[in-house]
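The residues making up each chain are set out below.
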Amino acid sequence: MSKIAVIGGGSWATALTKILSENGAQVGWWLRHKEDVQHLLRTRHNARYLSSVAFDLDKVLPSSDLEEVVEAAEWVVLAVPAAFVQNALEKLDRDDLKHKRVISAIKGMIPSKNVLVTDYVAERFRLPHERLGIVAGPCHAEEVALEKQSYLTIGAWDMALAEDFCQLLRNRYVKASPMLDLDGIEYCAVMKNIIALTCGIAHGLGYGDNFQAVLVSNAVQEIRRFVHAVNPQPRDLSASAYLGDLLVTAYSQFSRNRTFGSMIGRGYSVKSAQLEMNMVAEGYYAVKSIHELNKKLLVNMPIALAAYRILYEKVAPAVEIELLKEKFR
Ligand SMILES: NC(=O)C1=CN([C@@H]2O[C@H](COP(=O)(O)OP(=O)(O)OC[C@H]3O[C@@H](n4cnc5c(N)ncnc54)[C@H](O)[C@@H]3O)[C@@H](O)[C@H]2O)C=CC1
Ligand SMILES: O=C(CO)COP(=O)(O)O
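Residues numbered from 1 in each chain as written. Chains lettered and ligands numbered in written order. Predicted model: local features only at pLDDT ≥ 70, side-chain atom pairs only at ≥ 80, totals over all residues. Heavy atoms only, no water.

Chemist: Account for the packing of aromatic side chains, naming residues and giving values.
Modeler: Applying the stated rule across the entire model yields 9 aromatic pairs. Consider the rings of W75 and F165, whose centres lie 5.1 Å apart with planes at 50 degrees: the pair is tilted. One end of the pair, W75, is in strand β4 (residues 75-78); the other, F165, is in helix α7 (residues 159-169), and 90 residues separate them in sequence. Comparing W75 with F165, the two get one shared label, buried. With 5.0 Å between their ring centres and 15 degrees between their planes, Y284 and Y312 make a pair best called stacked. Separated by 28 residues along the polypeptide, Y284 in helix α13 (residues 282-297) and Y312 in helix α14 (residues 302-312) bring together distant segments of the chain. The class of Y312 is partly exposed, set by a relative accessible area of 23%. Connected via pairs of aromatic rings, a cluster forms that spans F260, Y284, Y285, Y308 and Y312. (Phe/Tyr/Trp six-rings, centres within 6.5 Å; stacked < 30°, edge-to-face > 60°. Helix = DSSP H or I, 4+ residues; strand = E, 2+ residues; numbered from the N terminus. Buried < 20%, exposed > 50% of the residue type's maximum accessible area, 1.4 Å probe, protein only.)

Chemist: If you had to explain the pairing of strand β8 (residues 132-136) to someone new, which residues and values would you point to?
Modeler: Within β8, 5 of the 5 residues are buried, which leaves it mostly tucked inside the rest of the structure. Neither face of β8 is exposed, since L132, I134 and A136 on one face and G133 and V135 on the opposite face are all buried. With 4 bridges joining them, β8 and strand β9 (residues 150-156) adopt antiparallel strand pairing. Counted as the bridge partner of A136 is T153 from β9. (Pairing = 2+ DSSP bridges.)

Chemist: Please set out the site of ligand 1 residue by residue, giving values where relevant.
Modeler: Every one of the 20 residues lining ligand 1 counts as a neighbour, but S11, W12, A141, V280 and E282 are closest to it. A distance of 3.0 Å separates an oxygen atom of ligand 1 from a polar atom in the backbone of K107. Residue V280 places a main-chain N or O atom 2.7 Å away from an oxygen atom belonging to ligand 1. The fraction of the free accessible surface of ligand 1 (820 Å²) that becomes covered by protein chains is 87%. Looking at side-chain class alone, the shell around ligand 1 contains 12 nonpolar, 4 polar and 4 charged residues. (Near = heavy atom within 4 Å. Polar contact = N/O pair within 3.5 Å; in protein donor to acceptor, adjacent residues only side chain to side chain. Areas by Shrake-Rupley, 256 points an atom, 1.4 Å probe, with all protein chains shown as cover. Nonpolar A, V, L, I, M, F, W, Y, C, P; charged D, E, K, R; others polar.)

See the structure below:
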């Protein structure tokens, strides 16, 4: 029986805990709120996210003791929003992940450092990149809860690690494939959140499907330019781990990033949009990290720049989308 630690109490951590535990793994599940742990132990449900999912407590061991959960596991799955990773892992020593295989399910960058989560973890815990992987793919937690057919890709430097984790995920409604790409997948996942957020802004302003289709088409080219600059290697960006994830996030009713953007387009301030959502839109933080990173790379990224100006320089969304309108073909 595989022993897995899932770190995080949000929607994605909940969905992954469901998949992994129902496949027979023993999952130590770290949630930061003691009340949420108590609620799970009492009712078998996560009070805050995907609350319809019932867990088998013979397989799932909820706890707010991070060291204990990590120590008992062979695999550690990180599933807190990127902005809270440093804080969540604060209690761990440098050597605590030494013998673990670590999978990031996070689609964001560490905001204070503008680095990928896997790069941060590799440095902070002196882990070789061969022990790291990323969960990618067009997959919303809400659809996992409903057991709707979904596809995941595990990106890694080591194909055996990726395949081993795929085996832990595969079930009746989840297909999982390994892929030899870690950084490219991770950067694409960060970028697609920015694009989905911008799609939401346009939607909130009243733009329709015709405009969004052109926005997404231009975004594909923008992502290609960026990923090629930051991590040049041959990759097929039409694969579902890249394009599929962009599409689901840009179009789905479940997307946090699109929902957040839509509120901004309708005139909410960043603070009020964040308060209204019980969830985290990674794209908000990613916009700033990518902007900082691009000061060195100087890639032509009009969509990411428009999102930055709207969110961080308080330029009116209508003005920035109007400017994009003129640039698109
Ligand atoms: N929800 C989904 O369908 C998917 C999410 N992801 C990724 O999973 C990661 C986790 O996101 P979700 O589970 O969606 O989160 P969520 O938006 O469902 O929940 C927010 C999470 O943030 C935590 N949080 C809020 N404030 C915090 C603080 N101050 N300190 C520590 N934690 C805090 C909450 O406890 C909760 O775990 C993100 O990187 C997201 O992009 C990836 C694929 C699918
Ligand atoms: O990455 C995701 C789906 O694949 C989740 O996107 P959102 O955070 O926008 O909901």
